[in-house]
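Chains, contacts and geometry: an overview
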Amino acid sequence: MNAYFPPIDPLKLEAAWKAADTLAKSCGGSSPLSPRPSEPDGESPLTIDAAGLRVDFARQQIPPHAQSALHALAEAAALANWRDAMLRGETVNASEGRAALHTALRDPNGELTDDLPESVRHTVRQTLARMRTISDQVRSGVWRGASGRPISDVFHLGIGGSQLGPELACDALHRFSHPRLRNHFLGNIDPDRWHRVSRDLNPHTTLIIIASKSWRTPETARNAQAARQWLIDAGIAEGLLGRHLVAVSSNLEAAQSLGVLPENILACPDWVGGRYSLWGAVGLPIMMQVGPEAFDAMLAGARSMDSHFARAPVSGNAPMQLALTSAWNAARLGSGTEAVIPYSDALRRLPAHLQQLQMESNGKSVDTRGEPLSRATMPVVWGEPGTDSQHSFFQALHQGVAIHPIDLIMVGGVSDTDPWLRSRVLNANAVAQAQALSNGYEHADPQRRHPGGRPVTIIHLPQLNPATLGALIALYEHKTVCLGWLWGVNPFDQWGVELGKRLAVNVEALMTASTDQVAPPEAVAELTLDPATESTLRYLKSL
Ligand code: F6P
């Protein structure tokens, strides 16, 4: 299939970027701009309601006249063309020759678009049906371990996109959990982590999900071997291992050789990248925890955001406006970071998921055609929940010289069923912080003065439930790809990470070679050791 490239005029795009850059620089970074008008002016949205969420841009530092420059940028970067091509399954991931159809995973019945081939829908529906069968068996207690006991713990092994999305969703939806089932996630290859997680588990009532699209990721492949041995050491016969193992992988052979039964291997299509994959088989622990109906509700919430993304004009398009806002802040402030602060403990893992989603997608320095980029791309995404973070790094957010744009995520309003009204206080804190960060605080003593001018977007969920969670994650997925397209990068590949996976294998081979040998064996010729690496290896081998 030919790679898709929209009709972009590079000169026009560069001119649009220059215009936005010049405006951004002329606004200065160090002092707050005049407050936004309280009424929308047609071009600069104050709030956008999308898929049940409210995205509030009123504390952003974008003057109304800059909006038309940003819209011209969206036009010149062909955001709408890229979006439409992605949704209809064109090969938008040029460097890997693939489509990017995570939206198809949440559209089994073609409600969003009927442009896709029936084979795609069939794969999606079939996978969902198989996930449902396994989940129903585990949740109802029909699925029994080797010693005849029902499953109490689901232990998910996977890393990166095969961990962060499902972990976020399971955490976020803990109130919807099946009463018997507990979830555990293991990504890191560090045995310390393995011991901490496995220590409290009974192998006889544990179901292990091994999620690795490729099965070539060393962390997951090794942890899977450790898990198999853990089951065997607990007295589970090799012939019965299948009662404790499920795999999510395209590498059927590797999964079967570990002892997973063919009917319990769920394939991953190559048209969905790891960090966009929680909506399909990788989301199996979510479905097990919350049940198929709630999982469907999560897909429906995401689909509703997809539909907003597909149809809303740029000025009212929440993901596009988030992307344009990021581009503006990067150009104006040059701080190189963006904070995400969920005022919701259940969304504790959101920053980690968004970090991978955005930084693995857009941390690139060449464009889709391999040409070097002329501007900085991906800011560092980071964050911790409020209010904890208020007692930590918020000092720097309020009074530091560098200005870091902030997304505050809020859930609910002022009514609270907690006897100590803690949810209300939580939200009061979020609103107070947003006000202080953006407006500042005048004081005669400079030590106590808050300069303000910190750009804040509030993303508001009326409740945290499967549908709003789905919409929130999809919102950020679309923001991510739009930002990538604005910069001209391919948001769907991750060659920077792939190299590390291969090199670690080579370095390990050198670690086990004879004490003095630091030159790479022939099989690992790709690895040229620099003197610093040689010396580190010699030192490690001397210990
Ligand atoms: O970290 C790089 C990466 O390729 C991610 O994109 C992916 O989500 C993760 O590794 C895990 O890959 P796999 O599912 O193939 O084990």
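A few points on the structure. Once a new chain begins, its residue numbering starts again from 1 and follows that chain's sequence as written. Restriction of local features to residues with pLDDT of at least 70 applies here, the model being predicted, together with a cutoff of 80 or more for giving and counting side-chain atom pairs; totals for whole chains, interfaces and linings are based on all residues. The side-chain quantities take in all heavy atoms of the structure and omit both hydrogens and water.

1. Considering the sheet that holds strand β3 (residues 153–157)
Our working rule: Whether two strands pair comes down to DSSP finding at least two bridges between them. Only DSSP runs of H or I reaching four residues or more are called helices, and only runs of E reaching two or more are called strands; each is numbered from the N terminus. Contacts: residue pairs with any heavy atoms within 4.5 Å of one another. Helix axes are fitted to C-alpha atoms over the stretch in contact, other axes to C-alpha atoms as well, and angles between N-to-C directions run from 0 to 180 degrees.
Pairing is parallel across the open sheet formed by five strands, whose spatial order is β4-β3-β5-β6-β7. In this open sheet, the two edge strands, each paired with only one partner strand, are β4 (182–186) and β7 (265–266). Sheet topology places strand β6 (residues 245–248) next to β7; two bridges connect them, and they run parallel. Residue pairing in the sheet places V248 in a bridge with L266 of β7. The strands that helix α7 (residues 191–198) touches are β3 and β4; relative to β4, the one it contacts most, it runs at about 170°.

2. Some remarks on the site of the ligand
Put simply, the rule is: Think of it this way: one heavy atom of a residue within 4 Å of a molecule or strand is enough to make that residue near it. Polar contact criterion, stated in full: a pair of N or O atoms within 3.5 Å, where within protein one must be able to donate a hydrogen and the other to accept it, and residues adjacent in sequence count only if both atoms are side-chain atoms. Per-residue accessibility takes into account occlusion by the displayed protein chains alone, with areas from the Shrake-Rupley method and a 1.4 Å probe. All residues other than Ala, Val, Leu, Ile, Met, Phe, Trp, Tyr, Cys, Pro, Asp, Glu, Lys and Arg, Gly among them, are scored as polar; the first ten of these are nonpolar and the last four charged.
Near the ligand lie 15 residues; those nearest to it are S162, S212, S214, T217 and E360. The separation between an oxygen atom of the ligand and a polar side-chain atom of T217 is 2.5 Å. Between an oxygen atom of the ligand and a side-chain N or O atom of E360, the distance comes to 2.6 Å. When isolated, the ligand has an accessible area of 390 Å², and the protein chains bury 89% of it. Elements with a minimum of two residues in the shell around the ligand: α13 (350–362) and α17 (495–512). The element contributing the most residues to the shell around the ligand is α17, with three residues. Each residue belonging to the shell around the ligand can be placed in one class, and the counts come to two nonpolar, nine polar and four charged.

3. Some thoughts on the environment of H178
Along the chain, H178 falls in the loop between α6 (164–172) and β4. Spatially, the C-alpha atom of H178 lies 29 Å from that of R121, the residues being 57 residues apart in sequence.

4. With respect to a nonpolar patch on the surface
Quick reminder of the rule: Without a salt bridge and with relative accessible area above 30%, a residue can belong to a patch; like charges are then joined within 9 Å and nonpolar side chains (Val, Leu, Ile, Met, Phe, Trp, Tyr) within 5 Å. Salt bridges are counted wherever a side-chain nitrogen of Lys or Arg sits within 4 Å of a carboxyl oxygen of Asp or Glu. Only protein chains enter the area calculation, which uses a 1.4 Å probe; residues under 20% of their type maximum are buried, those over 50% are exposed, and those in between are partly exposed.
On the surface, a nonpolar cluster with roughly 450 Å² of combined accessible area is contributed by M511, Y539, L540 and L543. In this fold, M511 is placed in helix α17. Among the residues examined, M511 registers a relative accessible area of 42% and is labelled partly exposed.

5. Describing helix α16 (residues 466–487)
Applicable threshold: To estimate how far a helix should extend, the number of its residues minus one is multiplied by 1.5 Å.
Between its first and last C-alpha atoms α16 spans 32 Å; for 22 residues at 1.5 Å apiece the expected length is 32 Å, and the two agree. Buried residues dominate α16, accounting for 21 of its 22 residues. Backbone nitrogen of A467 and a side-chain oxygen of the N-cap are separated by 3.1 Å at the start of α16; the cap is N465. The positive-phi residue at the C-terminal boundary of α16 is G488, with phi of around 90°.

6. Details of the sheet that holds strand β2 (residues 53–59)
Read from one edge to the other, the open sheet built from six strands follows the order β1-β2-β11-β10-β8-β9, with strand pairing classed as mixed. Edge positions in the open sheet fall to β1 (47–50) and β9 (380–382), since each of these has one partner strand only. On average, each strand axis in the sheet is inclined to that of its neighbour by 15°, with strand direction left out of account. Sheet topology places strand β8 (residues 337–343) next to strand β10 (residues 406–411); five bridges connect them, and they run parallel. Bridge pairing in β10 links Y343 to M410.

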